[in-house]
Amino acid sequence: IADLAWKKAQQAKDYTDILNVFSAHLYCYRAQQQAYELEHFWSKERNDLVYNHAMGRAAVIAMYGENEAERRAQTRKRASKVYPNVSDTPSYEGVGDMVAKAASSPYVVIAEDGMSAHGIWFVPGFCLALDENSKVTGFYYQEKNAVDFVKEADGWKILRLEVWMDFRTPCTHIDFT
């Protein structure tokens, strides 16, 4: 009975730790800290990382980390030309973008050996962005995030993350001027 109690307690801790890793992903995404996320919450021991269509550690870092940083820099540059109080410096990192994502209905399955897990979440959200013409646009969306996790020496880590868009619709009823 003691072994069963320990196993159930470990499963409960693993479940909570997995939820926390996914919450950290969402927080880093909203805060536009993808590089930090990749360093702290993605697998360090495996090279077969996946983020949507990017496969392998180098491809995930390039797509999710470096490309996002470049996109934010371009947005900041556009914002500095339109808004006089914004300068094109790192202190204005993230200006021109707002992402509000929330996760609901987690379904997490932990492997019998306790070393891997799979989870899926519904993720509704709202985004505002400064588009290529320096116009503020917004949209609502509903997506699902499917994640494979691995347990490493320092805890649960993301191995694969896929985002499946259910729908995205513009917020044409809101005037962003």
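Coordinates for the structure precede this section.
Here the structure is a predicted model, which is why all the values come from computation and not from measurement. (Residues numbered from 1 in each chain as written. Predicted model: local features only at pLDDT ≥ 70, side-chain atom pairs only at ≥ 80, totals over all residues. Heavy atoms only, no water.)

Novice: Quick question: what am I supposed to make of the packing of helix 1 (residues 2–30) against helix 2 (residues 34–41) here?
Specialist: Relative placement of two packed helices is described by the angle separating their axes and the distance separating the axes. At their nearest, the axes of helix 1 and helix 2 sit 8 Å apart, and the two run at 160 degrees to each other. Here helix 1 lies roughly antiparallel to helix 2, going by the angle between them. Taken as a pair, helix 1 and helix 2 cross one another with a handedness that is right-handed. Taking contact as the criterion, the partners of Val21, Ala24, His25, Cys28 and Tyr29 in helix 1 are, on helix 2, Gln34, Tyr36, Glu37 and Phe41. When its residues are assigned to classes, the contact of helix 1 with helix 2 shows six nonpolar, two polar and one charged. (Axes fitted to C-alpha atoms, helices over the stretch in contact; angles between N-to-C directions. Helix = DSSP H or I, 4+ residues; strand = E, 2+ residues; numbered from the N terminus. Parallel < 35°, antiparallel > 145°, perpendicular 65-115°, else oblique. Left-handed = near helix turned anticlockwise from the far one by under 90°. Contact = heavy atoms within 4.5 Å. Nonpolar A, V, L, I, M, F, W, Y, C, P; charged D, E, K, R; others polar.)

Novice: I'm lost on the pairing of strand 4 (residues 104–110) in this one. Help?
Specialist: Remark: a regular strand shows side chains that alternate across the two faces of the sheet. In terms of strand pairing, strand 4 meets strand 5 (residues 116–130) through five bridges, oriented antiparallel. Residue pairing in the sheet places Tyr107 in a bridge with Ile120 of strand 5. Here strand 4 hands over to strand 5 after five residues, with Gly114 in that stretch at a positive phi of 75 degrees. (Pairing = 2+ DSSP bridges.)

Novice: I tried to follow the side chain of Glu143 on my own but got confused; where do I start?
Specialist: Summarising the element assignment, Glu143 is placed in strand 6 (residues 136–152). A polar contact is formed between the side chain of Glu143 and the side chain of Asn145, at a distance of 3.2 Å. Beyond its immediate sequence surroundings of up to four residues, Glu143 is in contact with Lys101, Trp121, Phe122, Val123, Val163, Trp164, Met165 and Asp166. (Polar contact = N/O pair within 3.5 Å; in protein donor to acceptor, adjacent residues only side chain to side chain.)

Novice: Explanation requested: unusual backbone geometry in the structure shown.
Specialist: Both trends apply: most residues other than glycine have a negative phi, and most peptide bonds are in trans. Unusually for a residue other than glycine, Asn52 sits at a positive phi of about 55 degrees. In this fold, Asn52 is placed in the loop between strand 1 (50–51) and strand 2 (54–55). The backbone of Ser105 sits at a positive phi, close to 55 degrees, despite the residue not being glycine. Of note, Ser105 is situated in strand 4.

Novice: Would you mind going over helix 1 with me for this structure?
Specialist: Because the α-helix completes a turn every 3.6 residues, residues three or four places apart line up on one side. Here helix 1 contains 29 residues, and its C-alpha end-to-end distance of 42 Å stays within 8% of the 42 Å for a straight helix at 1.5 Å per residue. One or two positions beyond helix 1, positive phi appears at Gln32, with a value near 60 degrees. (Expected span 1.5 Å × (residues − 1).)

Novice: How should the environment of Asn145 be read in this particular structure?
Specialist: For Asn145, the location among the structural elements is in strand 6. A relative accessible area of 0% means that Asn145 is categorised as buried. When neighbours within four sequence positions are excluded, Asn145 is seen to be in contact with Phe22, His25, Lys101, Gly119, Ile120, Trp121, Val123, Glu162 and Val163. (Buried < 20%, exposed > 50% of the residue type's maximum accessible area, 1.4 Å probe, protein only.)

Novice: What is the right way to read the side chain of Glu68 from this model?
Specialist: Of note, Glu68 is situated in helix 3 (residues 57–82). A relative accessible area of 19% means that Glu68 is categorised as buried. Among the polar contacts listed, one links the side chain of Glu68 to the side chain of Arg71, at a separation of 2.9 Å. Setting aside chain neighbours within four positions, we find Glu68 in contact with Gln34 and Met63.

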